[in-house]
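# Fold and geometry: a report
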Amino acid sequence: MGTARRGSGAYERAYDRDRLRRFLSGEAVGEGISRRGVLRLLGVVSASGAVASLPGIAVAGPAAAAEEPGAPGIVKPLPAALLTVRGTNAETNWAALRDTGYHTPVDRFFVRNHTATPLLDPARWRLTVWGGGLRGGAVEFSYADLRALPAVTTSACLECAGNGRSYFTTQQGDPVTGTPWTMGAVGAARWRGARLSDVLRLAGLSPRAVDVMPRGLDAAFVTGGTDHGRVRRPMPVEKALDDVLLAYEMNGRPLVPDHGSPVRLVVPSWAGIASVKWVGEIEVSDRPLFSPWNTVFYRLFGPAHPAGGSAPVTRQPVRSAFELAPGAVFAAGRGHRLTGRSWSGQGGIRRVEVSTDGGGAWRPARLHDAPRPGGWVRWSTSWHPRGPGPAHLLARATDTAGNTQPARSVPNEQGYFFDAVVRHAVEVV
Ligand SMILES: Nc1nc2c(c(=O)[nH]1)N[C@H]1C(S)=C(S)[C@@H](COP(=O)(O)O)O[C@H]1N2
Ligand SMILES: [Mo]
């Protein structure tokens, strides 16, 4: 239980309770927070220019690719063998991970963009830390300032809360909204950067600080006629001081534009939305903060959840995937090596079981990595299929906190946290 205990911070439960109470008591006006409310709350932000009006922050236009019709606003190449484009996003093909090591190469790492990748010049980039949770006024950091702070390297998964969303529909018949990811909105990388805690202390963190809200420099997110403003989501100061990085490197290289260049947050174990890319400012507040990303989005809504929605999602659930394409073909009558990975935001993975007969018999897979909070484990098993025909491969993981994957995931309207065992269809010929 050691690692799990360390990871399941009491502050997360307190945070959830507190925010939920305030949310339900109407402190977050209506459906989240209006744009005017946000602007009023921020004070320093102009109605049109938002963050760009703050001194020292230059915002490039969207990537050239964004102007091409049908192009998703992603800068890096999106070869069909590695990635599947879904709207403004790109999903990693699991078959493309088969020959990779522990860390997901940048060329096949998933991209989740609410709008389009901005091109920012590190030399002109500034991070402004401000708010009532500081002892004094706003403090600015340049890229060189961050690079001069002690550097920390963390190996951690980054995963979208909506990963696996399409299985709510295809496997369970539950209607959900949002990007229909299969299981490829996850990757593991070696992140290097400054500790957010170092930056907050240098900025004059006050003991009164409650919430820390990073905001991206990408364009405002507009959907269904509502302008939600720039991507931003508060986290409790306890998490911000725990293990959060202001990362400038991914897998030993400076961040590329699509993954947050020049600097992004990495919030290990939490839903990917917490890891704000292209961060330009961080509000430190002495009272709870709200944004659409902890009110209307990233809560669980539906009959199985509290009226008005669950608390904001934080730690990711347990999940598994085979390093196989959907419908992969296997020759009958000979041995095959099946490989995959499992991960959880609530602890390391301590057991993975595989079924090759659609869920009848289960046997343990061989684990190739030690259980580590925030990371994944690679696993393998062998399979000797007999007759030709369709088959289903299933993998079920259990983490060090005892969480395991159910046969059916409790649905929610926006399709977050699909944690059920996936029935991976294959063909034996
Ligand atoms: N500024 C900004 N940060 C963002 C997003 C975004 O659209 N804009 N998307 C978030 C979501 S929902 C996820 S899952 C991760 C994805 O990170 P990646 O594109 O590097 O894989 O970034 C998060 N940070
Ligand atoms: Mo996400």
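Now for a look at the structure at hand. No experiment lies behind these values; they were computed from the predicted model shown.

## Regarding the overall build of the protein chain
Scanning the protein chain from N- to C-terminus turns up 7 helices and 23 strands. Here the protein chain holds 429 residues, and 58% of them are scored as buried. Expressed as a percentage of contacts within the protein chain between residues at least 6 apart in sequence, the contacts between residues at least 24 apart total 73%. For the protein chain, the exposed surface amounts to about 16900 Å²; the carbon and sulfur share of it is 55%.

## Side note on the site of ligand 1
Among the 20 residues in the neighbourhood of ligand 1, the closest are listed as Phe110, Asp218, His259, Arg264 and Lys277. Here Asp218 contributes a side-chain N or O atom positioned 2.6 Å from a nitrogen atom of ligand 1. The contact in question runs from an oxygen atom of ligand 1 to an N or O atom on the side chain of Lys277, over 2.6 Å. For ligand 1, whose accessible area on its own is 530 Å², the fraction buried by protein is 100%. Grouping the constituent residues of the shell around ligand 1 by class yields 10 nonpolar, 6 polar and 4 charged.

## Re the sheet that holds strand 20 (residues 366-367)
Strand order in the open sheet made by the 4 strands is 15-17-21-20, with antiparallel pairing throughout. Edge positions in the open sheet fall to strand 15 (319-322) and strand 20, since each of these has one partner strand only. Relative to strand 17 (residues 336-343), strand 15 is paired through 4 bridges, and the arrangement is antiparallel. Residue pairing in the sheet places Ala321 in a bridge with Arg341 of strand 17.

## Concerning the nonpolar core
Counting residues in hydrophobic clusters, the biggest one holds 33 residues, and the most contacted among them are Leu127, Val129, Leu196, Val212, Leu246, Ile282 and Val284. Residue assignment for this core shows that the elements contributing at least two residues are strand 3 (126-130), helix 4 (143-148), helix 6 (196-202), helix 7 (237-240), strand 11 (245-250) and strand 14 (279-285). Sequence-distant contacts of Leu127, defined by excluding residues within four places in its chain, comprise Val139, Glu140, Phe141, Val199, Leu246, Val279, Gly280, Glu281 and Ile282. Listed in part, the 19 residues of the second largest apolar core include Phe322, Ala328, Val352 and Val426.

## Some details on the packing of aromatic side chains
According to the stated counting rule, one finds 15 aromatic pairs in the structure shown. Residues Trp293 and Phe297 carry aromatic rings whose centres are separated by 6.1 Å and whose planes lie at 50 degrees to one another, so their mutual orientation is tilted. Among the aromatic residues, ring-to-ring pairing joins Phe109, Phe110, Trp181 and Trp191 into one connected group.

## Observations regarding the environment of Ser142
When you line up the elements, Ser142 lands in strand 4 (residues 139-142). The class of Ser142 is buried, set by a relative accessible area of 16%. Linking Ser142 and Arg124, residues 18 residues apart in sequence, is a C-alpha distance of 7.8 Å.

## Considering the side chain of His259
Structurally, His259 can be placed in the loop between strand 12 (253-254) and strand 13 (264-266). Of the residues examined, His259 reaches a relative accessible area of 1% and is grouped as buried. Excluding residues within four positions of it along the chain, His259 makes contact with Lys76, Val106, Phe109, Phe110, Val111, Met250, Arg264 and Lys277.

## A closer look at the side chain of Gln316
Within the element layout of this structure, Gln316 appears in the loop between strand 14 and strand 15. Exposure remark for Gln316: the relative accessible area of 3% places this residue in the buried category. A distance of 2.7 Å separates polar atoms of two side chains, one belonging to Gln316 and the other to Glu159. If sequence neighbours within four positions are ignored, Gln316 has contacts with Glu159, Cys160, Ala161, Ser269, Trp270, Ala271, Gly272, Ser344, Gly345, Gln346 and Phe417.

## Structural notes on the pattern of salt bridges
In the structure shown here, the tally under the stated rule is 16 salt bridges. The shortest N-O distance in the salt bridge between Arg408 and Asp174 comes to 3.2 Å. With a gap of 234 residues between them, Arg408 in the loop between strand 22 (389-399) and strand 23 (424-428) and Asp174 in the loop between helix 5 (166-172) and strand 6 (186-195) connect regions that are remote in the sequence. Between Arg341 and Glu323 there is a salt bridge; the shortest N-O distance is 2.6 Å. Placement of the pair is Arg341 in strand 17 and Glu323 in the loop between strand 15 and strand 16 (329-330), with a sequence separation of 18 residues. Just as Arg341 is buried, Glu323 falls in that class too. A single salt-bridge network, built from bridges that share partners, covers Arg147, Arg192 and Glu249.

## Brief notes about the sheet that holds strand 16
In spatial order, the strands read 16-23-22-18-19; together these 5 strands make up an open sheet with mixed pairing. Every interior strand has two partners, whereas the edge strands, strand 16 and strand 19 (363-364), have only one. By the bridge criterion, 2 bridges tie strand 16 to strand 23 in an arrangement that is parallel. Bridge pairing in strand 23 links Val329 to Glu427.

Reading guide: rules and limits
- Residues numbered from 1 in each chain as written.
- Chains lettered and ligands numbered in written order.
- Predicted model: local features only at pLDDT ≥ 70, side-chain atom pairs only at ≥ 80, totals over all residues.
- Heavy atoms only, no water.
- Helix = DSSP H or I, 4+ residues; strand = E, 2+ residues; numbered from the N terminus.
- Buried < 20%, exposed > 50% of the residue type's maximum accessible area, 1.4 Å probe, protein only.
- Contact = heavy atoms within 4.5 Å.
- Areas by Shrake-Rupley, 256 points an atom, 1.4 Å probe, with all protein chains shown as cover.
- Near = heavy atom within 4 Å.
- Polar contact = N/O pair within 3.5 Å; in protein donor to acceptor, adjacent residues only side chain to side chain.
- Nonpolar A, V, L, I, M, F, W, Y, C, P; charged D, E, K, R; others polar.
- Pairing = 2+ DSSP bridges.
- Core = buried A, V, L, I, M, F, W, Y, C linked by side-chain atoms within 4.5 Å.
- Phe/Tyr/Trp six-rings, centres within 6.5 Å; stacked < 30°, edge-to-face > 60°.
- Salt bridge = Lys/Arg side-chain N within 4 Å of Asp/Glu carboxyl O.

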